[in-house]
Amino acid sequence: MTEPKESPPAGGITWARVCKECGQCHDGRDSHLFEYQDEVDDELVCHICLQPLLQPMDTPCGHTYCFQCLSNFLHDQDFCPVDRQRLQLQQCRASSLLVRNLLDKLAVLCPFHSECQQSMQRCELQPHLHNRCPAFRRLREEAERKKRPSWKELKGSKSDGDLADAKSTPIARTGQLSGPSEPGLVNPAFEEGEDDTPLRSSLVAEATVVELFREDPDEDLGLRIVGGKDTPLGNIVIQEIVRASLAARDGKLAPGDHILEVNDVSLASIPHIRAIAVLRQSCSRVRLTVMQEKGFKPRPEHLAQPSASPPSQSPNPNQNHGTIIQVTLVKRERSEPLGIKLIRKSEEPGVFILDLLPGGLPAKDGKLRNNDKVLGINGQDLRHGTPESAAQIIQACEMRVNFVVMRHPDLSEEGGEGQSRGARRVPEPQYFRRRSEYMKEPPVGFSSQEKTVSLKKEPRHSLGITIAGGRDCRSCLPVYITSVQPVGCLHRDGTIKTGDVLLSINGMDLTHLTYNEAVTILKTQAAQNTVTLQVIQTFAEEEEEQDGESSTREDMDTLEGPKEDDINWAPLWTCWLGLPSYIHWCRDIMLMKTNCESWGFSIVGGYEESRGQQPFFIKTIVPGTPAHFDGRLKCGDEIVAVNGVTTVGMNNSSLIPMLKLQKNKVTLTVVSWPGSLV
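Here is what the cut-offs are and how they apply
- Residues numbered from 1 in each chain as written.
- Predicted model: local features only at pLDDT ≥ 70, side-chain atom pairs only at ≥ 80, totals over all residues.
- Heavy atoms only, no water.
- Helix = DSSP H or I, 4+ residues; strand = E, 2+ residues; numbered from the N terminus.
- Buried < 20%, exposed > 50% of the residue type's maximum accessible area, 1.4 Å probe, protein only.
- Contact = heavy atoms within 4.5 Å.
- Areas by Shrake-Rupley, 256 points an atom, 1.4 Å probe, with all protein chains shown as cover.
- Phe/Tyr/Trp six-rings, centres within 6.5 Å; stacked < 30°, edge-to-face > 60°.
- Lys NZ or Arg CZ within 6 Å of the ring centre and 35° of its normal.
- Core = buried A, V, L, I, M, F, W, Y, C linked by side-chain atoms within 4.5 Å.
- Pairing = 2+ DSSP bridges.
- Axes fitted to C-alpha atoms, helices over the stretch in contact; angles between N-to-C directions.
- Polar contact = N/O pair within 3.5 Å; in protein donor to acceptor, adjacent residues only side chain to side chain.
- Salt bridge = Lys/Arg side-chain N within 4 Å of Asp/Glu carboxyl O.
- Patch = residues over 30% accessible without salt bridge, like charges linked within 9 Å, V, L, I, M, F, W, Y side chains within 5 Å.
- Lys, Arg positive; Asp, Glu negative; His and termini not counted.
- Charge placed at Lys NZ, Arg CZ, Asp CG, Glu CD.
- 1 Å grid on protein atoms, 1.4 Å probe; cavity = no way out; pocket = protein on both sides within 12 Å on 5 of 7 lines; lining within 4 Å.
- Points joined across faces, edges and corners; volume = space filled by probe spheres on them.
- Domains from an automatic or database assignment.
- pLDDT = per-residue confidence, 0-100.
- Arc of directions from axis to C-beta.

**Re the overall build of the protein**
Assigned secondary structure in the protein consists of 18 helices and 32 strands. Burial status across the protein gives 49% buried among its 678 residues. Put simply, of all contacts in the protein between residues at least 6 apart along the chain, 67% involve residues at least 24 apart. Here the protein has roughly 32300 Å² of accessible surface; of this, 49% comes from carbon and sulfur atoms.

**Some remarks on the packing of aromatic side chains**
Working definition: an aromatic ring pair is given by the centre-to-centre distance plus the angle between the planes. Using the criterion set out here, one finds 8 aromatic pairs in the structure. Ring centres of Tyr-480 and Trp-576 lie 5.5 Å apart, and the angle between their planes is 80°; this geometry places the pair in the edge-to-face category. Within this pair, whereas Tyr-480 is found in strand β22 (residues 477–484), its partner Trp-576 is found in helix α16 (residues 573–577), the two being separated by 96 residues in sequence. Trp-576 carries the same exposure label as Tyr-480, and that label is buried. The rings of Tyr-480, Trp-569, Trp-576 and Trp-673 are connected pair by pair, giving a single aromatic cluster. Between Arg-84 and the ring centre of Phe-79, over which it is positioned, the NZ or CZ distance is 4.2 Å. Above the plane of the ring of Phe-34 lies Arg-122, whose end atom (NZ or CZ) is 5.5 Å from the centre.

**Comments concerning the nonpolar core**
Judged by nonpolar contacts, the single largest core of 45 residues is most densely connected at Leu-591, Phe-601, Leu-633 and Leu-668. In contact with Leu-591, other than residues within four places in its own chain, are Trp-599, Phe-601, Pro-626, Ala-627, Asp-630, Leu-633, Asn-664, Lys-665, Val-666 and Leu-668. Core analysis: the next-biggest nonpolar cluster, separate from the first, contains 38 residues, Val-40, Cys-66, Leu-87 and Leu-106 among them.

**Points about the pairing of strand β25 (residues 530–540)**
Here 11 bridges tie strand β20 (residues 446–456) to β25, and the two strands are oriented antiparallel to one another. Directly across from Gln-449, in β25, lies its bridge partner Gln-537.

**A look at the sheet that holds strand β5 (residues 107–109)**
Whether parallel or antiparallel, the strands of a sheet pair through hydrogen bonds between backbone atoms. Taken in spatial order, the 3 strands of this open sheet run β1-β5-β6, and their pairing is antiparallel. What marks the edges here is a single partner per strand, and that holds for β1 (35–36) and β6 (119–121). Direction of pairing for β5 relative to β6: antiparallel, over a ladder of 3 bridges. When the sheet's bridge partners are listed, Val-108 is paired in β6 with Met-120.

**Observations regarding the sheet that holds strand β4 (residues 93–94)**
Strand order across the open sheet formed by 3 strands is β3-β2-β4, with antiparallel pairing between neighbours. In the strand order of this sheet, the two ends are held by β3 (64–66) and β4, each with one partner. Two elements, strand β2 (residues 56–58) and β4, share 2 bridges in a ladder whose sense is antiparallel. Across the sheet, Asp-58 pairs through a bridge with Arg-93, a residue of β4. Contacts from helix α1 (residues 67–76) reach β2 and β3 within the one sheet, and its direction differs from that of β3 by about 95°.

**Looking at the side chain of Asp-257**
In this structure, Asp-257 sits in the loop between α7 (246–250) and β10 (258–262). Within the local environment of Asp-257, its side chain forms a polar contact with the backbone nitrogen of Ala-254, the two atoms lying 2.9 Å apart. Side-chain polar atoms of Asp-257 contact the side chain of Gln-292, separated by 2.9 Å.

**A few points about the pattern of salt bridges**
Evaluation of the coordinates by the stated rule reveals 13 salt bridges. A salt bridge links Arg-138 to Glu-115; the nearest nitrogen and oxygen atoms lie 2.9 Å apart. One end of the pair, Arg-138, is in helix α4 (residues 134–147); the other, Glu-115, is in the loop between β5 and β6, with 23 residues separating them in the sequence. Across the salt bridge formed by Glu-219 and Arg-249, the nearest N and O atoms sit 3.2 Å from each other. Here the residue Glu-219 occupies a position in the loop between β7 (203–213) and β8 (223–227), and Arg-249 occupies one in helix α7, the gap between them amounting to 30 residues. Residue Arg-249 is classed as partly exposed on the basis of its relative accessible area, which comes to 37%. Each of Glu-211, Asp-264, Arg-285 and Arg-287 takes part in one network of salt bridges that share partners.

**Describing a negative patch on the surface**
A cluster of acidic residues, Asp-38, Glu-39, Asp-41, Asp-42 and Glu-43, forms a negative patch at the surface. You can see Glu-43 is positioned in the loop between β1 and β2. Glu-43 gets classed as exposed once you look at its relative accessible area, which sits at 68%.

**Overview of the side chain of Gln-525**
Considering the arrangement of structural elements, one finds Gln-525 in helix α13 (residues 515–526). You can call Gln-525 buried: its relative accessible area is 14%. One polar contact links Gln-525 to Asn-506, side chain to side chain, over a distance of 2.9 Å. The residues touching Gln-525, leaving out its near neighbours within four places in the chain, are Ile-505, Asn-506, Met-508 and Val-531.

**Digging into empty space enclosed by the protein**
Inspection of the entire model under this criterion finds 10 cavities of 30 Å³ or more. Its volume calculated, the second largest cavity comes out at about 60 Å³. Every residue lining the second largest cavity is listed: Ile-241, Ala-247, Ala-248, Gly-251, Leu-253, Ala-254, Asp-381, Arg-383, His-384 and Gly-385. Looking at the lining of the second largest cavity, you find at least three residues from each of domain 2 (203–295) and domain 3 (323–407).

**Section: the confidence of the model for the protein**
Overall, the prediction assigns the protein a mean pLDDT of 76, with 76% of residues at 70 or greater. The model gives residues 299–320 a pLDDT under 50, and that stretch makes 34 contacts with residues more than four places away or in other chains. Note on residues 411–431: pLDDT under 50 across the span, and 29 contacts to partners over four residues away in sequence or across chains.

**Quick look at helix α18 (residues 652–661)**
One full turn of an α-helix is made of 3.6 residues, so residues set three or four places apart face in the same direction. Turning to α18, its buried residues are Asn-652, Leu-655, Ile-656, Met-658 and Leu-659. Projection of α18 onto a plane perpendicular to its axis shows the buried side chains occupying an angular sector of 165°, all on one side.

**Details of the environment of Ala-570**
Secondary-structure assignment places Ala-570 in the loop between α15 (550–560) and α16. The partly exposed category is assigned to Ala-570, whose relative accessible area is 36%. Expressed as a C-alpha distance, the spacing of Ala-570 and Tyr-480, which sit 90 residues apart in the sequence, is 8.5 Å.

**Thoughts on helix α10 (residues 387–396)**
Those residues of α10 not exposed but buried are Pro-387, Ser-389, Ala-390, Ile-393 and Ile-394. Looking straight down α10, one finds its buried side chains confined to an arc of 165°; they lie on one side. Close packing links the buried residues of α10 with α7, β14 (340–343), β15 (351–356), β16 (373–377), β17 (380–381) and β18 (400–407).

**Here's the deal with unusual backbone geometry**
When glycine is set aside, most residues are seen to have a negative phi, and most peptide bonds are trans. Located in the positive-phi region is Leu-50, a residue other than glycine, with phi close to 60°. With respect to the helices, strands and loops of the structure, Leu-50 is situated in the loop between β1 and β2. Overall, the relative accessible area of 54% leaves Leu-50 in the exposed class.

Pasting the structure below:
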């Protein structure tokens, strides 16, 4: 075994250089470094790097290597390093849970042991660094202080009416990659009280590297994304994590994360369609650099005062929120089972407690209850997690298991369970969607064109199209064409394309129908001798003007065709942006807060001299705020009205005061399109 490396001096290391997982300074592509206290059995050592295994992978020929060591080796070679048998990375599998547990239990020293004389199991090092290590915390705070302007500087450098200043004022972030602020960035999170003192300190975000490993190199990551340099959002932003997907099982990514790089390819200045192509590239390891919002860092006097309730706890009975409860369970030994059953629900993402087994720690403690929604365990975010990922976190815990759960108010009372179930069947009024009454133009660079095709056909001949959407689907989409079959009269005509939105057939309006209603009418009208179809095709003009870049053309050819089966195919997020406003369906979302709270979202858009009128889009939703706990707003949603007042014609200096004037309640009218699936 090699001797442990010397701990870097306290003053000779910077936050930008230190690895946020192992605390050592190493290149981003290199394996993590640990200072082991004891000799490690040779069976647990990688034959390539000669260090204890990290993310161990077993080969078909019976050898085990670190994932990164093996993938780097097989990038240039095609054989096993030990016996030289032919080998591909796709043939290898993650080692057994027993081997991984043995590696997790290896004793390591804190890399800052000159200041922090702590030793722990290897799996506990990262939580130790982020939660308990004073040296690591000091480095992070020093970096925040350097990057964060003081409140007085913020006040002095920006006014609500000065759009130019609003562009140049950065949000304080740690680990953020350098680059100019996006045009029109507004952050109503910064608000002032009557005494002209800041109620929150700066917004904190960190650049984090997340690695996803997949057995099938072509498996979807399970992310829905929005944004791109050709859209008002600018950055590529995760809108949603698909349930039970690769990203959901990993549990490290969350909605609102900004994707900066994919396998060292920058997404900072590429259009949406090119970003999709990069994210869909076939590979076994996907290395994402993401900017994750961490919420507000409270003032020092607040640190010792745990909040009685989060911003989501509102007295409004119509709010579908619950009480946030923190519960700490202490096991007698690391291997002791908790005695808790976790499930997922079809109607709501996340992890829920199904049952507490008699005699188990939670049942004896009495604070957790059936139907509690698990928001996090030991600091790991599970709002979009799975029971499997929750079980892995619990299994990796040592003695203390810290739960953060949300409990519906009705369930916190004896005998309230049946009542709450009945109440939840009644939709809230603000959830109902309606046809948009707000006339507005699409974002710059996006447009649409109506097309009409009339043809004569034999009654028995099929139109040769498949459709999806309908106003009863989750996103209230219009009916659109998922494929034009090579047999059929529409294919021969060539006017109708995949992704076109159906407006009418033989004069019958299709824009307000459910999927089944649309199918019935299409079948009935297709039996006529003459069929007239009216559709809308959308265009992303900026994509068509890409200086002759062949890569963009190839990406468009690849992405426009249906993927696998037609039923699951859907247009990219950018395709919806070009639709005229009368096709939009919108809903009202009411947010509640106290005077000292921020609404908790940032927006881009509005009128700009250089770009004209742009719609307002949600760009960021800040953790721990009313917008975050409400759960209905998503990154990429378009705000078309505030308290019934249209946002068309507004600029930033008009919308910010309107939001700030709403002290306790605001109603946002939004249009939401599903992000592109990768």
